[in-house]
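What follows is each chain in one-letter form.
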Amino acid sequence: MTRRVLLHVGAPKTGTSFVQDILFTHREALRDRGILYAADRHDAHFLAALDLMELPWGGLEREAGGAWERLAAQVREWPGTAIISHEIFGTASRVQVAHALDSLGDEAEIHIVFSARDLVRQIPAEWQENIKHRRTKEYGEFLDHLRDEQRSSEVAQWFWGVQEVPDVLDRWAESIHRDRVHLITVPPMGSSPTLLWERFAGLFGIDPVEFAPTDRANPSLGVPESAVIRRLNERLNDVLPNHHYRRFVRELLVHRNLSRRPGSARLSLPEDAHRWASDLGRSWVSELALRGYDVVGELDDLVPGTAEPFTDPDSCDERLVADAAIDALAIMTNEAARLRDVEIELHGVIEDLMGQLDRFHSARTYKARERVVAMSRTNLLVRGGLSVYRRLRGKNSRST
Amino acid sequence: MASASAGDTSYEHAVQGWAAHLRAGGTTPWSAWPRSSAAERRDPPRLRPLPDAIHLELVRRINLAAERDAGGLVGAGLDARGLAARELDARGLDGGGLAGLADRVFATAAPGRGLLDVPLPWPTAPRRFGTPAVDPSELPDEELIRLAVGVLAHLLPDVPRQMPQELPSPWPAPWRRRFRLHGAPSTVAAVRRSLLAQGHVETDWRPTHVVIARPVEVMMAEHWSAAVRNGGILKWSTTWRRAEAAGRLPAAIDVTATAHRLQGRRREPLHLVIARDADGAAALVAHVLRARHAEILSSGDAALSDLLRRLNRLTALAHGPGRVRDLAGTLVALLDEDPADAATHDVAMLVTPPASLPWAREVAATAAVDLRCAGYAVHGDPDALAPTEHRLPGNVDRERTLELAVAACLRTWPLGGKR
């Protein structure tokens with residue numbers, strides 16, 4: 001049986017989270033069908049990517065040591081199809097790609113999978129992703145960085161590293177036959193909600209109906225909500241540790257609440273940036289058409305659509321921002337109250353335990369033993385007797 | 001100038017040729033590398049993947065540093081090239097050694113975020129995608145440091161760790177003083193070494209407490225240096241921002257809080273020593289403890305701290321958090337081996353980042369008032385705590401960090417990399 005490895009290397013904001021969620025949730029059932037998704041935790045492949053690329057990630061990288069080698073070892077040992085998936089693999093350099101491919105074994109049939117969405121939708125989504133990762137750059141400045149041809153800022157280096165489809169595939173697929181390079185396109189807005197999953201599932205050899213998506217999503221923020229989080233980052237960046245930020249800001253505020261506020265304007269591109277991104281997107285499509293990769297979907301899905309109304313998050317209506325901020329404050333106040341209740345409950349538990357301990361300490365037998373231990377400090381005879389007792393009992397006890 | 005498009009064989013041949021030249025210890029820059037000479041016609045070893053501008057330029061800088069190191073010992077009028085080669089050979093960095101180090105560099109991926117696979121400028125059809133071409137000599141130092149740190153993280157675990165030399169055991173002198181030093185970490189360490197060498201004893205049993213204070217930016221620099229030696233990863237500017245956000249100096253250098261904590265202990269006199277320079281502080285401590293004043297040098301190369309914090313971040317990932325301090329210690333020991341190296345450099349003093357200067361002034365002024373009013377035995381002028389006024393960027397000199405990183409690669413390779 002041929003060992004197949006499907007290496008899904010990006011891009012971010014193309015449905016990767018929900019694909020990884022399905023693969024992780026159903027990993028046992030998939031294993032029974034000969035498909036390995038080797039992960040003992042939800043973010044196992046993310047940690048492997050951090051390890052492979054030696055990427056710092058707000059302290060999480062400290063949990064990533066050896067994660068790539070462990071994953072590669074499991075994949076090497078698997079006789080059937082193995083899937084590795086994380087969107088940040090896209091930014092690997094050629095040296096890292098060579099190392100990754102080498103470590104998957106010489107005899108494996110390696111397939112590179114890349115999912116792509118049109119640039120006009122990707123740019124605002126990436127800025128919001130930046131904001132959710134504690135960045136404070138305004139949208140206008142972010143766009144300027146992306147348009148800097150020298151890519152001198154870290155923002156631009158990262159963005160193009162994961163999003164520039166022809167270059168990512170140049171790096172990852174240099175030594176792979178084009179038949180084994182699969183480009184999955186994200187359908188345009190208004191398409192069937194299951195179409196993207198069907199494209200992934202078809203490529204992975206999975207029944208899209210049997211392993212249906214759960215409701216896990218990576219929702220996007222509206223414009224005023226993005227402004228609130230960006231300003232909040234400015235206040236919190238030097239005082240709030242990452243693990244608290246992840247729990248309270250990213251999870252609680254953004255994912256569970258602010259991204260679900262109805263009625264807010266969605267982020268898009270200003271007119272000139274839309275024109276520039278559309279031209280660039282079309283040039284990518286022309287280039288990709290020449291390369292002869294296996295396209296799952298339509299290359300035209302990557303051609304940007306018409307411009308949508310633009311609301312600038314750098315100067316949006318302050319009343320809307322205040323409204324979103326008040327909602328955020330209400331959410332945080334509720335959470336603080338909930339945690340306070342938990343704290344009170346835990347104090348009750350501690351008091352109960354302390355009471356039990358006191359009752360134990362006030363027992364006559366305990367007091368007698370305490371007296372013997374105290375006497376042993378000054379009385380040689382008692383010390384000797386205690387020593388003999390402890391030896392006979394077979395273990396040392398500091399309490400008696 | 002454009003870069004080559006994918007599959008451009010003349011470009012690849014030229015890059016392979018230059019890489020072979022660099023592997024052999026060459027130092028010719030890319031801009032002077034002949035495009036159609038004999039060098040191009042040779043059949044150089046095929047490196048896969050093709051090295052990018054950052055890898056190639058780092059190897060060239062390493063070769064330049066190796067040549068400079070060896071050349072430093074060569075006298076005028078002698079056969080400089082021959083002597084340099086012999087000197088490199090003696091250090092395990094002959095042509096073969098340098099080729100091995102070059103291969104290590106080529107096989108190392110630049111860790112973390114930055115420019116990705118930077119192509120070299122090439123006069124053919126421009127590549128339409130990917131990172132734009134950069135002349136290697138114009139690459140930002142940051143990119144070369146990033147790769148050099150990646151190389152060091154690979155090499156350091158194999159370097160045998162030298163245990164720090166213990167000070168000669170002091171005579172149990174009857175006149176010895178009991179002391180306990182607090183405050184600016186590097187100055188404290190230097191003064192402590194001097195006192196212990198004289199036979200005085202640092203103890204918790206009825207000591208004379210001496211709190212050493214220096215200008216706030218010096219104390220912060222010493223705190224930063226101590227933190228990165230213990231595995232810290234924060235930048236200089238971030239260290240300031242964090243302190244400002246917390247509204248106080250880090251505990252070790254918060255001299256007013258320390259003095260307040262130590263005040264009023266029975267048979268434990270407290271003295272505060274304030275000086276702008278390390279030797280001034282040492283003189284005042286010697287006076288307080290009636291010890292001999294031995295001259296001490298200002299210590300701490302900010303670039304070394306900068307290199308360490310970058311390394312710590314990577315070694316935590318590559319070798320586990322448990323090895324971070326150990327590997328940082330190995331690097332410090334390697335770079336400290338030749339103090340003359342540091343002495344020959346004009347080590348720029350770190351200054352307060354401009355954004356934090358108002359807060360630094362405020363902290364220093366408040367501390368000066370506290371020290372004057374609290375009735376401590378203060379030696380020196382509390383106003384000396386004030387930060388240096390400046391119009392500098394308040395950053396570490398990256399050029400110096402790169403220089404140190406390259407020196408560290410050269411020193412590490414013969415010790416660990418060749419195994």
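Just so it is clear, the structure is predicted and the values come from calculations on it, not from any experiment.

S.K.: With reference to specific residues and values, describe the overall build of chain A.
M.R.: A count of helices and strands for chain A gives 16 helices and six strands. What you see for chain A is a C-alpha radius of gyration of 28 Å, clearly larger than the 21 Å of a compact globule of 400 residues, by over 25%. Along the first, second and third principal axes, the C-alpha set of chain A runs to 95 × 65 × 45 Å. Looking at chain A residue by residue over its 400 residues, the buried ones come to 38%. A separation of at least 24 residues holds for 78% of the contacts in chain A among residues at least 6 apart in sequence.

S.K.: How would you explain the pairing of strand β5 (residues 181-185) of chain A if you had to name every residue and give the values?
M.R.: A regular strand places its side chains so that they alternate between the two faces of the sheet. Residue and element names in this part refer to chain A. Burial of β5 is extensive: five of the five residues sit out of reach of the surface. Looking at chain direction, strand β4 (residues 109-116) and β5 are connected through five bridges and run parallel. Residue pairing in the sheet places Ala 116 in a bridge with Thr 185 of β5. Here β5 pairs with strand β6 (residues 294-296) via three bridges, running parallel. Each bridged residue has a counterpart across the sheet, and for Leu 183 the counterpart in β6 is Val 295.

S.K.: Tell me what's going on with the interface of chain A and chain B, and back it up with residues and numbers.
M.R.: Accessible area lost on assembly of the parts is the figure often given for the size of an interface. The partner chain B presents 28 residues to the 28 residues of chain A that form the contact. Mapped by element, the contributors of at least two residues to the side of chain A that touches chain B are α5 (94-103), α8 (154-163) and α9 (165-173) of chain A. Taken together, the residues of the side of chain A that touches chain B sort by class into eight nonpolar, seven polar and 13 charged.

S.K.: Break down the domain arrangement of chain A for me, with residues and values.
M.R.: With domains assigned, chain A is organised as domain 1 (4-123 + 136-219 + 270-304) and domain 2 (363-400). Inter-centroid distance (C-alpha atoms) of domain 1 of chain A to domain 2 of chain A is 66 Å.

S.K.: I'd like a description of the packing of helix α15 (residues 364-376) of chain A against helix α16 (residues 380-393) of chain A, backed by residues and values.
M.R.: Residues and elements named next belong to chain A. Between α15 and α16, the least distance of the axes is 7 Å, while the angle of their chain directions is 120 degrees. By the angle between their axes, α15 is oblique relative to α16. Where α15 crosses over α16, the two elements pack in a sense that is left-handed. For the pair formed by α15 and α16, the contact residues are Val 372, Met 375 and Ser 376 on the first element and Val 382, Arg 383 and Leu 386 on the second.

S.K.: Quick rundown of the sheet that holds strand β1 (residues 4-8) of chain A? Include the residues and the values.
M.R.: Within a beta sheet, neighbouring strands are joined by backbone hydrogen bonds and run either parallel or antiparallel to one another. Residue and element names in this part refer to chain A. The six strands are arranged β2-β3-β1-β4-β5-β6 in an open sheet whose pairing can be described as parallel. Each edge of the open sheet carries a strand with a single partner, namely β2 (35-36) and β6. Sheet strands touched by helix α10 (residues 195-204): β1, β2, β3 (81-85), β4, β5 and β6. Its angle to β5, the strand with the most contacts, is close to 160 degrees.

S.K.: Give me the lowdown on the pairing of strand β4 (residues 270-274) of chain B, citing residues and values where you can.
M.R.: Residues and elements named next belong to chain B. Here β4 lies mainly inside the structure; five of its five residues are buried. Residues Leu 270, Leu 272 and Ile 274 line one face of β4 and the alternating positions His 271 and Val 273 line the opposite face, and both faces are buried. Summarising the sheet, strand β3 (residues 208-213) and β4 pair through five bridges and their orientation is parallel. The residue of β4 that forms the bridge with Ile 212 is Val 273. In the sheet, β4 pairs with strand β5 (residues 377-379) via three bridges, with the strands oriented parallel. Directly across from Val 273, in β5, lies its bridge partner His 379.

Calculation criteria
- Residues numbered from 1 in each chain as written.
- Chains lettered and ligands numbered in written order.
- Predicted model: local features only at pLDDT ≥ 70, side-chain atom pairs only at ≥ 80, totals over all residues.
- Helix = DSSP H or I, 4+ residues; strand = E, 2+ residues; numbered from the N terminus.
- Rg over C-alpha atoms; globule rule 2.2 N^0.38 Å.
- Buried ≥ 20, exposed ≤ 12 C-beta atoms within 10 Å, placed from the backbone.
- Contact = placed C-beta atoms within 7 Å.
- Pairing = 2+ DSSP bridges.
- Nonpolar A, V, L, I, M, F, W, Y, C, P; charged D, E, K, R; others polar.
- Domains from an automatic or database assignment.
- Axes fitted to C-alpha atoms, helices over the stretch in contact; angles between N-to-C directions.
- Parallel < 35°, antiparallel > 145°, perpendicular 65-115°, else oblique.
- Left-handed = near helix turned anticlockwise from the far one by under 90°.

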